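# Structural features, examined
So you can see what is in the structure, the chains are spelled out below.
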Amino acid sequence: MKYICLGYIEPNKFENLSEAERNALVDACFSYDDELRKNGHFAGGEGLQGPQSAATLRWENGKVAVTDGPYAETKEQIGGILILEARDLNHAIQLMSKHPGVKAGPFEIRPAADLSGMMQESEERRG
Amino acid sequence: MPENSIELVRTTLDGLYRSESGRILATLIRLLGDFDLAEDAMHDAFAAGLERWPQEGVPANPRSWLISTGRHKAIDGLRRRARFDASQDKIADQLLPSGDFAPADVGTESDESVPDDQLRLIFTCCHPALAPEGRLALTLREVCGLTTEEIARAFLTTAPTLAQRIVRAKAKIRDERLPYQVPAPEELPARLDAVLQVVYLMFNEGYSASAGASLTRADLSGEAIRLGRLLLELLPEPEGMGLLALMLLQESRRAARTSPSGELILLEDQDRTQWDRALIAEGVKLVERALLSRRFGPYTLQAAIAAVHSEAASAAATDWPQIVALYNLLARAVPSPVIELNRAVAVAMRDGPEAGLALIDGLLQRGVLTEYHLAHSARADLCRRLGRKGEARASYERALALTQQEPERRFLEKRLRELEE
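Report follows, based on the coordinates. Note that the structure is a prediction, hence the values are computed from the model and not measured.

For the rest of this paragraph, the subject is the state of the cysteines. Counted by the stated rule, this structure contains zero disulfides over all chains. Free of any disulfide, Cys29 of chain A has its nearest cysteine sulfur in Cys5 of chain A, 13 Å distant. What makes Cys29 of chain A buried here is its relative accessible area of 15%. Cysteine Cys144 of chain B shares no disulfide, and the gap to the nearest cysteine sulfur, in Cys125 of chain B, comes to 9.2 Å. For Cys144 of chain B, a relative accessible area of 10% translates into the label buried.

Structure representation (structure tokens):
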């Protein structure tokens with residue numbers, strides 16, 4: 001079963017680390033990702049550029065409006081996502097508890113929704 | 001290598017997971033000394049099998065292969081992470097196999113110790129230091145191999161809530177260093193009791209849901225019976241026999257206790273031809289064996305009562321004096337108002353409704369069971385038989401106000417309507 005792990009980070013927290021600290025964290029994270037990959041748990045993932053790089057699309061007054069910056073101003077921003085292959089929620093929790101990234105900010109783990117039924121119904125409607 | 005051999009290996013591994021994961025996990029926990037580490041190791045070993053078996057062939061003893069591969073994977077993982085966290089290195093050192101270690105050793109050693117490992121796992125998951133709901137969730141996941149999501153569905157709760165219970169229970173095992181061992185003989189009766197309680201709770205959760213729309217959740221009862229059989233195989237104690245018998249005898253009535261539309265049918269109104277005779281025969285045999293041991297307890301006595309019901313052609317033809325006698329023994333073994341209530345119902349069948357009613361009123365006057373819906377519905381039923389409609393109505397209404405189970409609500413509402421006719 002696939003679980004999407006959203007990794008949050010406080011803005012500037014990472015930047016404020018010393019270079020040695022930053023390197024140690026990055027190395028530990030990548031090394032753990034490799035371990036996940038090796039055992040077939042890493043089903044994909046990307047780090048995200050900072051929130052100032054975001055463009056947000058929104059439906060407003062009958063047309064699409066584009067604004068810069070993230071949708072919501074929160075103290076913690078999404079720093080990256082990881083798609084995890086795990087047997088169940090506790091297995092996913094176990095695997096992510098060992099991820100060194102959890103020291104930099106919280107992970108939110110959510111099961112991937114199975115949309116196949118919805119897609120099939122939609123295909124039938126569209127003929 | 002042709003594609004279908006990978007598929008073949010996958011099917012083999014799926015089968016092994018279902019039949020062997022409990023045993024493999026139990027042994028890995030002993031070897032590695034940590035639940036989470038052992039679980040990861042087991043998953044990694046199955047993944048390694050999927051990768052290597054298509055080329056190397058399925059090993060002669062797949063279980064030993066998975067155990068020794070899992071053990072090595074765990075040690076490798078700790079070593080790798082130790083580069084970033086010094087404390088992991090120490091753990092890896094402690095786990096490192098001794099010099100003369102060879103994978104074959106794990107095989108022979110583990111094969112002999114498998115039953116003990118499984119018992120260790122059951123006793124640890126059902127440790128009295130853990131919260132009761134944690135014990136149940138942990139046992140279903142670690143011993144029965146159900147996923148967090150499956151257990152959450154069975155308990156009508158959310159997966160994150162259930163996941164937290166499991167995380168907390170495991171943290172407690174780790175932090176309080178609960179020993180991973182079969183209890184010493186002097187501790188055994190009390191600890192076995194805690195295990196039997198978990199099994200019976202699991203069964204009841206599946207047999208009579210404490211809340212919600214569906215009266216039975218057969219999958220949980222099925223797991224409880226499977227676990228009861230395993231436990232008896234590992235540890236042939238009379239009360240384990242009694243509990244398995246009790247579950248089998250109750251299970252034998254499953255088809256007869258609800259109507260096709262999901263309505264509750266009381267024992268006296270059930271179509272006894274629908275009772276599962278094979279389950280009854282197995283249950284009765286186990287009760288007899290447990291009684292012969294002369295070391296039986298409350299589960300065996302309850303099973304004996306169920307066996308008397310199972311052997312009767314109808315409610316009227318039931319050996320009620322025998323049932324009352326068994327309730328007397330049971331009430332002496334474990335004094336409880338619920339047992340007194342059941343005894344009162346049996347007395348009503350033996351001596352007439354008035355005698356039973358006097359006993360129930362005595363209980364309620366003592367201030368016990370006043371919030372227990374079954375006490376009021378039993379009282380209502382006896383009043384109804386005596387033609388005391390007003391009292392029957394008041395008691396049915398009280399029971400209705402107290403029950404949270406949908407089929408029971410419908411049953412009580414039906415009885416109330418019938419009173420008006």
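Having put the structure on the table, let's press on.
Right, let's talk about the packing of helix α19 (residues 389–402) of chain B against helix α20 (residues 406–420) of chain B for a bit. Geometrically, a packed helix pair is captured by the angle between its two axes and the distance between the axes. Residues and elements named next belong to chain B. Running from amino to carboxyl end, α19 crosses α20 at an angle of 160°, the nearest separation of the two axes being 10 Å. Regarding the angle of α19 to α20, the classification is roughly antiparallel. When the axes of α19 and α20 are compared, the crossing they make is left-handed. For the pair α19 and α20, contact is made by Lys389, Ala392, Arg393, Tyr396, Glu397, Ala399 and Leu400 and by Arg409, Leu412, Glu413, Arg415, Leu416, Leu419 and Glu420, respectively. For the contact of α19 with α20, the residue count by class is seven nonpolar, no polar and seven charged.

Interface size is commonly expressed as the accessible surface area that is lost when the partners come together. Taken together, the contact pairs 19 residues of chain A with 25 residues of chain B. Interface of chain A and chain B: buried area, both sides summed, is about 1900 Å²; carbon and sulfur atoms make up 43% of it. It is Arg87, Asn90 and Gln94 of chain A in chain A that bury the most area against chain B; as a group they hold 33% of the surface buried on that side. Remark: the boundary between chain A and chain B carries two salt bridges. Salt-bridge contacts for Asp88 of chain A lead to Arg141 of chain B; the nearest nitrogen and oxygen are separated by 2.7 Å. Summed over the shared surface of chain A and chain B, the number is 16 residue pairs in polar contact (both at pLDDT 80 or more). It is helix α1 (residues 19–38) of chain A that provides the largest number of residues to the side of chain A that touches chain B, a total of seven residues.

Procedures and definitions
Residues numbered from 1 in each chain as written. Chains lettered and ligands numbered in written order. Predicted model: local features only at pLDDT ≥ 70, side-chain atom pairs only at ≥ 80, totals over all residues. Heavy atoms only, no water. Disulfide = S-S within 2.5 Å. Buried < 20%, exposed > 50% of the residue type's maximum accessible area, 1.4 Å probe, protein only. Axes fitted to C-alpha atoms, helices over the stretch in contact; angles between N-to-C directions. Helix = DSSP H or I, 4+ residues; strand = E, 2+ residues; numbered from the N terminus. Parallel < 35°, antiparallel > 145°, perpendicular 65-115°, else oblique. Left-handed = near helix turned anticlockwise from the far one by under 90°. Contact = heavy atoms within 4.5 Å. Nonpolar A, V, L, I, M, F, W, Y, C, P; charged D, E, K, R; others polar. Buried area = accessible area lost by both parts, 1.4 Å probe. Salt bridge = Lys/Arg side-chain N within 4 Å of Asp/Glu carboxyl O. Polar contact = N/O pair within 3.5 Å; in protein donor to acceptor, adjacent residues only side chain to side chain.

Worth remembering: the numbers are spatial, not functional.
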